[in-house]
Amino acid sequence: MNILILGSGGREHTLAWKLAQSPKLNKLFVAPGNAGTAAIAENVPLGVNDFEALKKTVLAKQVDMVVVGPEDPLVNGVHDFFLNDAELKDISVIGPQKAAATLEGSKEFAKEFMERHNIPTAAYQSFTADNLKAGFAFLETLSPPYVLKADGLAAGKGVLILNDLEQAKRELEIMLVGAKFGQASATVVIEEFLAGIELSVFVLTDGKHYKVLPTAKDYKRIGEGDTGLNTGGMGAISPVPFADKTFMEKIHEQVVKPTVEGLQKDGLPYKGFIFIGLIKVGENPYVIEYNVRLGDPETEVVIPRIQNDLVAVFQAVAEEQLDTIDLKIDDRTVTTVMTVSGGYPETYEKGMEISGFENIEDSLVFHAGTRQKDGKVVTSGGRVMAISSYGNNFREALKKSYQNIEKLHFDRMNYRKDIGFDL
Ligand code: AMP
Ligand code: GLY
């Protein structure tokens, strides 16, 4: 079987690493990929939203299955593009069709979905520029902090949490009238603030059956103690120690089941991963958001714990036979620590030579923002490399990740030294 992975980050390198272990795999392509994927697969230079270029590649390379990493091509309808093309329609795509990808593409759509299917989430209302005044009035009924969310995709920056009412009103106006996030903030969801601890649950579904994958917790802020600006994610741990059996049963009954059943009831075809962002308030789970893909760097801790042949699992998804798969999960904990470019998530330089990663032992090195240049590996993004390790508990695993990071060097390298601090 020939497989093409769409994307270029740590998530895609991890998927490539796992798929490459399968005896069912013939050739593996990653588009556009990074220096890490180049070592185990063939990188194909194309933009993830260039569907015509993707079609050419898929036909030329005789690809049987496309695994979509990021949300953008899904929200733009890459799966529908395949289904609607006579030459592509029999090629499997792992990732939902556009209608279901709207769960991530529109916060308002996701909130309405949760309401319709009785899935616990924060109370909310949504507003456009036409009812800005009503938005102000709604904010006045809430107590701080105020949560404002751009409806559309805003590269992870579309959520504002503000303590001051006047500032919240100002920001609402800038989002709606000033188009702070462009078209993405033409609608804004204002919601009740939920105080609790966050975790994520991953589900794989073929549209009929589903499997709950390991839980993970990521660390989004740049600064230690969860301070400073939001990033794509600075580290992750799986499993989440506080997600015990009782809590997982609640998540399953109150969130996972109604989500998959809701997709069926609403006629939203879904073959792929569902990433459910949750917050534990007291003893109860509330959904903060849906993503229609795996998380990054959550993938770097979730996928290494799956013991099955991932090609076989994806084939079962494509054939709507996921019920035939007996999922085997490694009991050990996996942690990852992300090394990032100095300055990230604000401006940073690219092109720094990376050395020492070939000396890392007893940890997995997943490339995120790297590329090959004149026979060397250089930085090409904010998040550069994730170091994932197994351990009997998260402390043991983290110790390995941190020991191995010591061997890694690039100019102005930064990473958080306190992953897991709150557990
Ligand atoms: P999102 O982009 O939807 O993942 O939101 C970004 C972050 O904002 C989340 O990871 C949470 O930390 C926080 N957040 C979102 N919604 C809420 C809420 N209703 N209450 C508290 N925190 C929230
Ligand atoms: N780590 C968060 C995300 O992938 O959205």
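The text that follows walks through the structure, step by step, so that each part is easy to find. Because the structure is predicted, anything quoted here is derived from the model rather than measured. (Residues numbered from 1 in each chain as written. Chains lettered and ligands numbered in written order. Predicted model: local features only at pLDDT ≥ 70, side-chain atom pairs only at ≥ 80, totals over all residues. Heavy atoms only, no water.)

Within a sheet, neighbouring strands are paired by backbone hydrogen bonds and run either parallel or antiparallel to one another. Strand order across the open sheet formed by 4 strands is 6-9-7-8, with antiparallel pairing between neighbours. Of all the strands in the sheet, the pair left with one neighbour each is strand 6 (124-128) and strand 8 (159-162). Here the average twist between neighbouring strands, direction ignored, is 20 degrees. Bridge count between strand 6 and strand 9 (residues 187-191): 5 bridges; the pairing is antiparallel. Bridge pairing in strand 9 links Gln125 to Ile190. Set on the sheet, helix 9 (residues 165-176) makes contact with strand 6, strand 7 (146-150), strand 8 and strand 9; between it and strand 7 the angle comes to about 5 degrees. (Pairing = 2+ DSSP bridges. Helix = DSSP H or I, 4+ residues; strand = E, 2+ residues; numbered from the N terminus. Axes fitted to C-alpha atoms, helices over the stretch in contact; angles between N-to-C directions. Contact = heavy atoms within 4.5 Å.)

Across the sheet, 5 strands lie side by side as 3-2-1-4-5; this open sheet has parallel pairing. The two strands at the open ends of the sheet, each matched to only one other strand, are strand 3 (42-43) and strand 5 (92-94). As judged from the 5 bridges shared by strand 1 (residues 3-7) and strand 2 (residues 28-32), these two strands associate in the parallel manner. Along strand 2, the bridge assignment pairs Leu4 with Phe29. Along the sheet, helix 12 (residues 310-318) makes contact with strand 1, strand 4 (65-68) and strand 5, crossing strand 4 at roughly 100 degrees.

As a further point, take the site of ligand 2. In the vicinity of ligand 2, the residues found are Asp218, Gly232, Phe275, Arg293, Gly295, Asp296, Pro297 and Glu298. One of the backbone N or O atoms of Gly232 is found 3.1 Å from a nitrogen atom in ligand 2. Within the side chain of Glu298, one N or O atom sits 2.9 Å away from a nitrogen atom of ligand 2. In the complex, the protein chains occlude 87% of the 200 Å² of accessible area that ligand 2 would expose alone. Here the residues of the shell around ligand 2 are counted per class, giving 2 nonpolar, 2 polar and 4 charged. (Near = heavy atom within 4 Å. Polar contact = N/O pair within 3.5 Å; in protein donor to acceptor, adjacent residues only side chain to side chain. Areas by Shrake-Rupley, 256 points an atom, 1.4 Å probe, with all protein chains shown as cover. Nonpolar A, V, L, I, M, F, W, Y, C, P; charged D, E, K, R; others polar.)

You can see Lys55 is positioned in helix 3 (residues 51-60). Within the structure, Lys55 has its side chain in polar contact with the side chain of Asp85 (distance 2.8 Å). Apart from residues no more than four positions distant in its own chain, Lys55 is found in contact with Phe81, Asp85, Glu87 and Leu88.

A separate point is the site of ligand 1. The environment of ligand 1 is made up of 14 residues, and the closest members are Glu191, Glu192, Leu194, Glu198 and Glu289. Between Glu191 and ligand 1, the recorded distance is 2.7 Å, taken from a side-chain N or O atom to a nitrogen atom. Side-chain polar atom of Glu198 to an oxygen atom of ligand 1: 2.3 Å apart, as the coordinates give it. Here ligand 1 loses 88% of its free accessible area of 470 Å² to cover by the protein chains. A per-class count over the shell around ligand 1 returns 7 nonpolar, no polar and 7 charged.

Let us look at a nonpolar patch on the surface. A surface patch of nonpolar side chains, amounting to about 240 Å² of accessible area, comprises Val159, Ile161 and Phe193. Tracing the sequence through the fold places Val159 in strand 8. The partly exposed category is assigned to Val159, whose relative accessible area is 36%. (Patch = residues over 30% accessible without salt bridge, like charges linked within 9 Å, V, L, I, M, F, W, Y side chains within 5 Å. Salt bridge = Lys/Arg side-chain N within 4 Å of Asp/Glu carboxyl O. Buried < 20%, exposed > 50% of the residue type's maximum accessible area, 1.4 Å probe, protein only.)

Applying the stated criterion to the full structure yields 10 aromatic pairs. Relative to Phe138, the ring of Phe127 has its centre 5.8 Å away and its plane inclined at 40 degrees; by these criteria the two rings are tilted. A residue pair is termed long-range when its members are at least 10 positions apart, and Phe127 in strand 6 and Phe138 in helix 8 (residues 132-141) qualify at 11 residues. Across this residue pair, the class does not change: Phe127 and Phe138 are buried. Joined through ring pairs, the aromatic side chains of Phe51, Phe81 and Phe82 make up one cluster. Between the NZ or CZ atom of Arg332 and the centre of the ring of Tyr390, over which it lies, the distance is 4.2 Å. In this structure, Lys417 is placed above the aromatic ring of Tyr415, and the distance from its NZ or CZ to the ring centre is 4.4 Å. (Phe/Tyr/Trp six-rings, centres within 6.5 Å; stacked < 30°, edge-to-face > 60°. Lys NZ or Arg CZ within 6 Å of the ring centre and 35° of its normal.)

Time to look at the packing of helix 1 (residues 10-19) against helix 12. The interhelical angle for the contact between helix 1 and helix 12, taken along N-to-C directions, is 105 degrees, at an axis separation of 8 Å. On the basis of the axis angle, helix 1 is roughly perpendicular to helix 12. Every residue of helix 12 that contacts helix 1 at Leu15, Lys18 and Leu19 is listed here: Leu310, Val311 and Phe314. Class assignment of the residues belonging to the contact of helix 1 with helix 12 gives a composition of 5 nonpolar, no polar and 1 charged. (Parallel < 35°, antiparallel > 145°, perpendicular 65-115°, else oblique.)

The subject of this paragraph is unusual backbone geometry. Geometrically, the link from Ser238 to Pro239 is a cis peptide bond, its omega value of 0 degrees lying close to zero. Its location among the elements puts Pro239 in the loop between strand 14 (235-238) and helix 10 (245-265). Across the junction of Asp296 and Pro297, the peptide omega takes the value 20 degrees, indicating a cis bond. Counting through the fold element by element, Pro297 comes out in the loop between strand 16 (284-291) and helix 11 (299-302). You will see that Glu320, though not glycine, has its phi angle at about 55 degrees, which is positive. Looking at the secondary structure, you find Glu320 in the loop between helix 12 and strand 17 (333-341). With phi around 70 degrees, Asp362 is a residue other than glycine that occupies positive phi space. Within the fold, Asp362 resides in the loop between strand 17 and strand 18 (364-367).

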